[in-house]
Amino acid sequence: MDHIVVAKILDGSTDDSFMHEGIAPCTCPECHLPLKKVINPEYLISLRKTGDIRYTRDRYCLVSENFRIFCIQNEYPGLIFIPLVSSAGYYYFESQKIYPINMELQGIELSDPCLTCCSYRKVKIAYPVYSKTRDNIQHDFICQTEMEFGINEKKSPLIIIGVDTAKKMIDFGLRGLSFHDVYK
Ligand SMILES: [Zn+2]
């Protein structure tokens, strides 16, 4: 394997808040893990923190109006922005475009699955992350991994972006971003 950077993981800071305090809606009756992300209309984003991308402690990815404008101007397909009704100017964010990671090269630690909903309590990914894309490497895109990583209800997919996209985000002036390399 050659250590060529083919994409970047986009990360942000973690907010002090939870999207759902207490038990989240739509959980598995057996293991009580959330079955999907549900937006809480009463959720208030912390105004003490800044940054154009951040995660709640239960791993909802939230972005600013600036982040959304950047994505619209660049016409990235398949992105979802759900407005946070109690936190004007912020959105829950995800991508419908899946970025394939190389599961053979990738170190992933799984706990036993729940027999009712098939979700894992623990899905731990080791860095660095390896791409499954061998040829035809794109440089400007925003995708996410199919799998969610983390522990218990604190799980989310990784947002994977092009190497050029990372540069464009910095040039645009988006703040609070951090990046990790994805290798071929
Ligand atoms: Zn379950």
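Computed from a predicted structure; not experimentally measured.

Undergrad: Residues and numbers for the overall build of the protein chain, please.
TA: The helix and strand tally for the protein chain stands at two helices and 14 strands. At 17 Å, the protein chain has a C-alpha radius of gyration in line with the 16 Å of a compact globule built from 184 residues. If you line up the protein chain on its principal axes, its C-alpha atoms span 45 × 40 × 25 Å. For the protein chain, buried positions account for 42% of its 184 residues. Sequence separation of 24 or more characterises 69% of the internal contacts of the protein chain that already satisfy a separation of 6 or more. When the accessible surface of the protein chain is split by element, carbon and sulfur atoms take 52% of a total near 10000 Å².

Undergrad: How would you explain the nonpolar core if you had to name every residue and give the values?
TA: Ranked by size, the top nonpolar core spans 20 residues in total, and within it Phe-67, Phe-93, Ile-142, Ile-159 and Met-169 carry the most contacts. Where this core is concerned, the elements lending two or more residues are strand S3 (53-55), strand S4 (61-64), helix H1 (65-74), strand S5 (79-83), strand S6 (90-95), strand S13 (159-161) and helix H2 (163-172). The greatest single-element share of this core, amounting to three residues, is contributed by H1. Sequence-distant contacts of Phe-93, that is, excluding residues within four places in its chain, are made with Cys-61, Val-63, Phe-67, Leu-79, Ile-80, Phe-81, Ile-142 and Ile-159. With 14 residues, the next largest nonpolar core counts Val-123, Val-129, Cys-143 and Ile-160 among its residues.

Undergrad: I'd love a proper account of the coordination of the zinc ion, names of residues and values included.
TA: Taken together, Cys-28 (SG), Cys-31 (SG), Cys-114 (SG) and Cys-117 (SG) make up the protein donors of the zinc ion, found 2.3 Å from the metal. Classification of the site at the zinc ion as tetrahedral follows from its four donor atoms and the range of 103 to 117° in their angles at the metal. Between the donor residues of the zinc ion, the gaps in sequence give the motif C-x2-C-x82-C-x2-C. Of this pair, Cys-31 sits in the loop between strand S2 (13-14) and S3 while Cys-117 sits in the loop between strand S7 (108-110) and strand S8 (122-125), and the two are 86 residues apart along the sequence. The class for Cys-117 is partly exposed, based on a relative accessible area of 22%.

Undergrad: Report on the pattern of salt bridges, specifying residues and quantitative values.
TA: Considering all chains together, one arrives at eight salt bridges under this definition. Here Arg-175 makes a salt bridge to Asp-52, at a shortest N to O gap of 3.7 Å. One end of the pair, Arg-175, is in the loop between H2 and strand S14 (178-183); the other, Asp-52, is in the loop between S2 and S3, with 123 residues separating them in the sequence.

Undergrad: So what's going on with H1? Residues and values would help.
TA: The complete set of buried residues in H1 reads Phe-67, Phe-70 and Cys-71. Taken down its axis, H1 places every buried residue within 95° of arc, on the same side. Opposite its buried face, H1 presents the exposed residues Ile-72 and Gln-73, each directed more than 90 degrees away. In the segment just after H1, Glu-75 is the residue with positive phi, at about 55°.

Undergrad: Can you tell me about the sheet that holds strand S11 (residues 149-151), naming the residues and giving the values?
TA: Pairing is antiparallel in the open sheet, where four strands are placed in the order S7-S8-S11-S12. Looking at which strands have only one partner, the edges of the open sheet turn out to be S7 and strand S12 (154-156). Averaged over all adjacent pairs, the angle separating strand axes in this sheet is 20°, with direction ignored. Bridge count between S8 and S11: two bridges; the pairing is antiparallel. Each residue of the ladder has a partner; that of Val-123, found in S11, is Gly-150.

Definitions and limits used
- Residues numbered from 1 in each chain as written.
- Predicted model: local features only at pLDDT ≥ 70, side-chain atom pairs only at ≥ 80, totals over all residues.
- Heavy atoms only, no water.
- Helix = DSSP H or I, 4+ residues; strand = E, 2+ residues; numbered from the N terminus.
- Rg over C-alpha atoms; globule rule 2.2 N^0.38 Å.
- Buried < 20%, exposed > 50% of the residue type's maximum accessible area, 1.4 Å probe, protein only.
- Contact = heavy atoms within 4.5 Å.
- Areas by Shrake-Rupley, 256 points an atom, 1.4 Å probe, with all protein chains shown as cover.
- Core = buried A, V, L, I, M, F, W, Y, C linked by side-chain atoms within 4.5 Å.
- Donors = N, O, S within 2.8 Å, 3.2 Å for Na, K, Ca; no water.
- Tetrahedral: all angles 85-135°; square planar, octahedral: opposite > 155°, others 65-115°.
- Salt bridge = Lys/Arg side-chain N within 4 Å of Asp/Glu carboxyl O.
- Arc of directions from axis to C-beta.
- Pairing = 2+ DSSP bridges.
- Axes fitted to C-alpha atoms, helices over the stretch in contact; angles between N-to-C directions.

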